[in-house]
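Residues per chain, in single letters:
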Amino acid sequence: MTPKSAYDAGAGPGFTPGEVTVHEQPAELAKVTRALRGTGRKITLVPTMGSLHEGHRELIRRARRVSGGVTVVSNFVNPLQFGPDEDFERYPRSWESDVEACRQEGAELVFAPSTEALYGPDPQITVNPGPLGDQLEGASRPGHFAGVLTVVAKLFGIMRPDLALFGEKDYQQLVLLRRMAHELHLGTAVQGIPVVRESDGLALSSRNAYLASEQRGAALALSAALAAGAHAGASGADAVLEAARGVLETEPLLELDYLELRDTELGPAPAEGEARLLVAATVGGTRLIDNALVLLGSSGAPE
Ligand code: AMP
């Protein structure tokens, strides 16, 4: 018999099967997830900064596929990962519709702490992402990945998830988080899901809300450049970069930050086989990132 409530499941208060329960206090959620684990449930975490779109929904749907699992969505705009001149204050927030999206997709726990509750009054400790943290995104956003790793380490510590899902949209973030979980023996498996795109190729992002329609048009050059690059994969790394750059240069509203080809762990690009093409650019003050798999030296475009 399916237990009717967390009391029946031995999980204590704070969890009702088939419904969304919101927690704001780390200690309360820790207690609930510990009790659920004790009843044999697997905890799957989907960390987000809210303003949920189809990319986030896909993560929640994937999380729900874990059999015997309970899906926890965290919703927290993490100040530590924003630079002083970045968009922390104006980052889009849509609490009511976020909770509704979680309900629709079948997440049963939402964690939405205040900054005080998560960081305490005098935080001193951060996670150092190592050399990769200063490259690509990290070169333009100093301290960004220390902020990301620190907040995710907190989330892992609170709910001890068996599995945490992240989007390949933030590819460097995914690589660093997987490494952190592995190197620090955190006991959580980190998995990525492919980039979810609009039908015209634009990668979904909460920051797309900042784009006026002309800017949105310009932003399409990112995914178009990646597609052109991937298409040139059989001709090698130089051809990939040239093809992608050619597309980016046709778009005057787009200010390129970087276009780089790396291996799948973000080391130097291989001569052959799987590589990752990564791009970052600003359109009308909005910073956008995207990436795609490229098969070097073989025929056909993978994405
Ligand atoms: P955010 O709320 O932007 O911090 O993103 C939360 C999670 O959703 C991260 O793991 C992102 O990589 C993922 N995500 C954001 N946009 C997409 C997308 N278009 N496709 C797949 N995953 C995404």
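One can find the structure itself at the top, above this paragraph.
Residues numbered from 1 in each chain as written. Predicted model: local features only at pLDDT ≥ 70, side-chain atom pairs only at ≥ 80, totals over all residues. Heavy atoms only, no water.

Caption draft 1: Region of interest: the sheet that holds strand E9 (residues 286-296). Read from one edge to the other, the open sheet built from three strands follows the order E7-E8-E9, with strand pairing classed as antiparallel. The open sheet has two free edges, formed respectively by strand E7 (254-263) and E9, since each of these has just one partner strand. Going from strand to strand, the sheet's axes swing by 15° on average, the running direction of each strand aside. Inspection of the sheet shows E7 paired to strand E8 (residues 273-283) by nine bridges, in the antiparallel sense. When the bridges of E8 are listed, Leu 259 appears paired with Val 279. Across the sheet, helix H8 (residues 213-231) is in contact with E7, E8 and E9; its angle to E9 comes to roughly 15°. Lying on the sheet, helix H9 (residues 237-249) is in contact with E7, E8 and E9; it crosses E7 at an angle near 165°. (Pairing = 2+ DSSP bridges. Helix = DSSP H or I, 4+ residues; strand = E, 2+ residues; numbered from the N terminus. Axes fitted to C-alpha atoms, helices over the stretch in contact; angles between N-to-C directions. Contact = heavy atoms within 4.5 Å.)

Caption draft 2: Region of interest: the packing of aromatic side chains. One pass over the structure, following the stated rule, counts three aromatic pairs. For the pair Phe 82 and Phe 88, a centre-to-centre distance of 5.4 Å together with 65° between the ring planes defines the contact as edge-to-face. What makes Phe 82 buried here is its relative accessible area of 10%. Judged by centre distance (5.8 Å) and plane angle (80°), the rings of Phe 82 and Tyr 91 are edge-to-face. Residue Tyr 91 is classed as buried on the basis of its relative accessible area of 8%. Three or more aromatic residues joined by ring pairs form one cluster here, namely Phe 82, Phe 88 and Tyr 91. Across from the ring centre of Tyr 210, 3.9 Å away, lies the NZ or CZ of Arg 90, which sits over that ring. The aromatic ring of Phe 88 is capped on one face by Arg 93, whose charged end is 5.1 Å from the ring centroid. (Phe/Tyr/Trp six-rings, centres within 6.5 Å; stacked < 30°, edge-to-face > 60°. Buried < 20%, exposed > 50% of the residue type's maximum accessible area, 1.4 Å probe, protein only. Lys NZ or Arg CZ within 6 Å of the ring centre and 35° of its normal.)

Caption draft 3: Up close: the site of the ligand. Neighbouring the ligand are 16 residues; Met 49, Gly 167, Asp 170, Val 196 and Leu 204 lie closest to it. Contact between the ligand and Asp 170: an oxygen atom at 2.6 Å from a side-chain N or O atom of the residue. Protein burial of the ligand: of its 480 Å² of free accessible surface, 93% is covered by the chains. Among the secondary structure elements, those contributing two or more residues to the shell around the ligand are strand E2 (42-48), helix H2 (54-64) and strand E5 (163-167). (Near = heavy atom within 4 Å. Polar contact = N/O pair within 3.5 Å; in protein donor to acceptor, adjacent residues only side chain to side chain. Areas by Shrake-Rupley, 256 points an atom, 1.4 Å probe, with all protein chains shown as cover.)

Caption draft 4: Structural view of the nonpolar core. One finds Val 72, Leu 109, Phe 111, Val 152, Phe 156, Phe 166 and Leu 177 to be the most contacted residues of the largest nonpolar core, which totals 41 residues. Considering each element in turn, this core owes the most residues, nine residues, to helix H6 (residues 144-159). Looking at which domains feed residues into this core, each of domain 1 (21-193) and domain 2 (206-296) gives three or more. The residues contacting Phe 156, other than those within four sequence positions of it, are Leu 45, Pro 161, Ala 164, Phe 166, Ala 181, Leu 186, Thr 188 and Val 190. (Core = buried A, V, L, I, M, F, W, Y, C linked by side-chain atoms within 4.5 Å. Domains from an automatic or database assignment.)

Caption draft 5: Looking closely at the pattern of salt bridges. Applying the stated criterion across every chain yields a total of 16 salt bridges. Across the pair Arg 276 and Glu 168 runs a salt bridge whose closest N-O atoms are separated by 3.2 Å. Within this pair, whereas Arg 276 is found in strand E8, its partner Glu 168 is found in the loop between E5 and helix H7 (171-183), the two being separated by 108 residues in sequence. Among the ionic pairs, Arg 216 bridges to Asp 200, the shortest N-O distance being 2.8 Å. Of the two residues, Arg 216 sits in helix H8 while Asp 200 sits in the loop between strand E6 (189-193) and H8, which places them 16 residues apart along the sequence. We classify Arg 216 as partly exposed; its relative accessible area is 27%. With a relative accessible area of 40%, Asp 200 lands in the partly exposed category. When salt bridges with common partners are traced through the structure, they connect Glu 54, Arg 57, Glu 58, Arg 61, Arg 62 and Glu 105 into a single cluster. (Salt bridge = Lys/Arg side-chain N within 4 Å of Asp/Glu carboxyl O.)

Structural measurements only, silent on function.
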